[in-house]
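Listed here are the chains, written in short residue letters.
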Amino acid sequence: MLQRRKFLELSSIGLSAITFSGFTSKSGNPAGKKPIVISTWAEGLNANKAAWAVLKNGGRAIDAVEQGVMVTENSQNCCVGLGANPDRDGYVTLDACIMDEFSNCGSVAFLERIKHPISVARRVMEKTPHVMLVGSGAQQFAVAEGFPLESEKLSPDAERSYKKWLEKSEYKPVINIENSGNNLKSQSAFAPNKLENGDWNHDTIGMVALDANGNLSGSCTTSGMGFKMRGRLGDSPIIGAGLFVDNEIGAATATGQGEDVIRICGSHLVVELMRMGNSPEQACKKAVERIIKIKGDKARDIQVGFIAINKRGEYGGYCIQKGFNFAVCTADDSNILVDGKHIL
Ligand code: GLY
């Protein structure tokens, strides 16, 4: 009897080891992998490399997702970090949030002149009894924590874009609509020059990871909508909207028009849909469908994309319209860009 019980215990350990190391999958989806990191847009490829350096050495997912998106925050040619487009008054304001396997979370919003909002968000999580700090209070906290106050000067690209935008000062915010055939009119109406090279209308990097110990974490960081109203926040710093992690189920993050992600508590919805048995891709698709149902014809004027991973290391993404992609890394030599499936 004892031997039989022992055999059953060993079998179940063996089975779960096989499931989690990627040889098989209970759900019938492509086999999951562990560790794994995925992130939004082509910028995610570089961010994934930094995250992978942590994950491949057995590091925690929370460290991976912080270090990963710091790469994008550092870049000067992206819509994340201090090099990004300013608001319509000419100031770059940054939003970020982070969440770990214990449901600890931290967030900063409307933060100015700080290079790494994601790291400030992590300090909020670890060093304060709060989840969210905003504006001058967030900046004051960052400086007290030793983050240098950077110059207010716009990056050369952002300055060029802003000057061009000022010529008309039209307030027609559109995010992430670049490659779709649906919205060429919106593109030229709003985006000053970033869309001409197809590179600069991305608003956000969201990243979710599963580490070798089977723990999930996520991060999300953005400058928000270019030329937004001063004080406007999107989904990215909002836990449950731009990012959500439930270590029993999965993790999800969003990019695109934040107002419409907030409306459906998008990332939380994706995780809850996975809890109900949906694969990451199915869950992302259903969340996108919910936005389209609410927006009706106006869905053609917006872009939203979700990406998600589950506890088995399966991943997926979905978006409203063509043009969204995400980066998936499961090994040193496997960091690939995947086109998001789209509905419209
Ligand atoms: N998804 C970023 C924003 O709406 O600000």
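Each remark here, short or long, concerns the structure printed above.
Residue positions within a chain follow its written sequence, with the count starting from 1. Where totals are concerned, whole chains, interfaces and linings use all residues; where local detail is concerned, this predicted model gives features only for residues with pLDDT of at least 70, and gives and counts side-chain atom pairs only at 80 or more. The side-chain figures draw on all heavy atoms in the structure; neither hydrogens nor water molecules are used.

A. Local environment of the site of the ligand. With respect to spatial proximity, eleven residues lie near the ligand, and among them D203, R232, D235, G256 and G258 are the closest. N or O atoms within 3.5 Å of each other form a polar contact, as long as, within protein, one can give a hydrogen and the other can take it, and as long as residues adjacent in sequence are counted only when both atoms are side-chain atoms. D235 places a side-chain nitrogen or oxygen 2.7 Å from a nitrogen atom of the ligand. In the environment of the ligand, an oxygen atom lies 2.9 Å from a nitrogen or oxygen atom belonging to the backbone of G258. Protein contact buries 100% of the 200 Å² of open area that the ligand shows by itself. Its residues assigned to classes, the shell around the ligand shows two nonpolar, six polar and three charged. We define proximity as follows: a residue is near a molecule or strand when any one of its heavy atoms falls within 4 Å of that partner. The accessible surface values rely on the Shrake-Rupley method and a 1.4 Å probe; as for residues, cover is taken only from the protein chains in view. Residue polarity follows a fixed list, in which Ala, Val, Leu, Ile, Met, Phe, Trp, Tyr, Cys and Pro are nonpolar, Asp, Glu, Lys and Arg are charged, and the others, Gly among them, are polar.

B. Local environment of the pairing of strand β8 (residues 250-256). Counting buried residues along β8, seven of its seven residues qualify, which places the element largely inside the surrounding structure. Accessibility here uses a 1.4 Å probe with only protein chains present; expressed as a share of the type maximum, an area under 20% marks a residue as buried, one over 50% as exposed, and anything in between as partly exposed. Each helix is a run of DSSP H or I of at least 4 residues and each strand a run of E of at least 2, with the numbering of both proceeding from the N terminus. With burial as the criterion, each face of β8 is covered, one bearing G250, A252, A254 and G256 and the other bearing A251, T253 and T255. Pairing between strands is defined by DSSP: at least two bridges between the two strands are required. In terms of strand pairing, strand β7 (residues 243-246) meets β8 through four bridges, oriented antiparallel. Within the sheet, the bridge partner assigned to F244 lies in β8 and is A252. Linking β7 back to β8 in an antiparallel pair, the connection comprises three residues. Pairing of β8 with strand β9 (residues 304-310) involves seven bridges; the strand directions are antiparallel.

C. Seen up close, the nonpolar core. By convention a nonpolar core is built from buried Ala, Val, Leu, Ile, Met, Phe, Trp, Tyr and Cys residues, the set being connected through side-chain atoms within 4.5 Å. Formed by 44 residues in total, the largest nonpolar core has its most connected members in V270, F306 and I309. Broken down by element, the residue count for this core peaks at six residues, all from helix α10 (residues 280-295). Counting residues in hydrophobic clusters, the runner-up holds 31 residues, among them V54, L133, F141 and F147.

D. Summary view of the packing of aromatic side chains. Put simply, two rings from Phe, Tyr or Trp (the six-membered ring, in Trp's case) pair if the centres are within 6.5 Å, and we call them stacked under 30 degrees between planes, edge-to-face over 60, tilted for the rest. If you walk through the whole model with that rule in mind, you get six aromatic pairs. Pairing Y315 with F326 gives two aromatic rings, centres 6.3 Å apart and planes at 75 degrees, and the pair type is edge-to-face. Of this pair, Y315 sits in strand β10 (residues 315-319) while F326 sits in strand β11 (residues 325-331), and the two are eleven residues apart along the sequence. The partly exposed category is assigned to Y315, whose relative accessible area is 34%. F326 sits in the buried class, given a relative accessible area of 2%. Put simply, the rings of W41, Y315, F324 and F326 touch in pairs and so form one group of aromatic residues. Whether a charge sits over a ring comes down to the Lys NZ or Arg CZ being within 6 Å of the ring centre and within 35 degrees of the ring normal. Over the face of the ring belonging to Y171 we find R88, whose NZ or CZ atom lies 4.7 Å from the ring centre.

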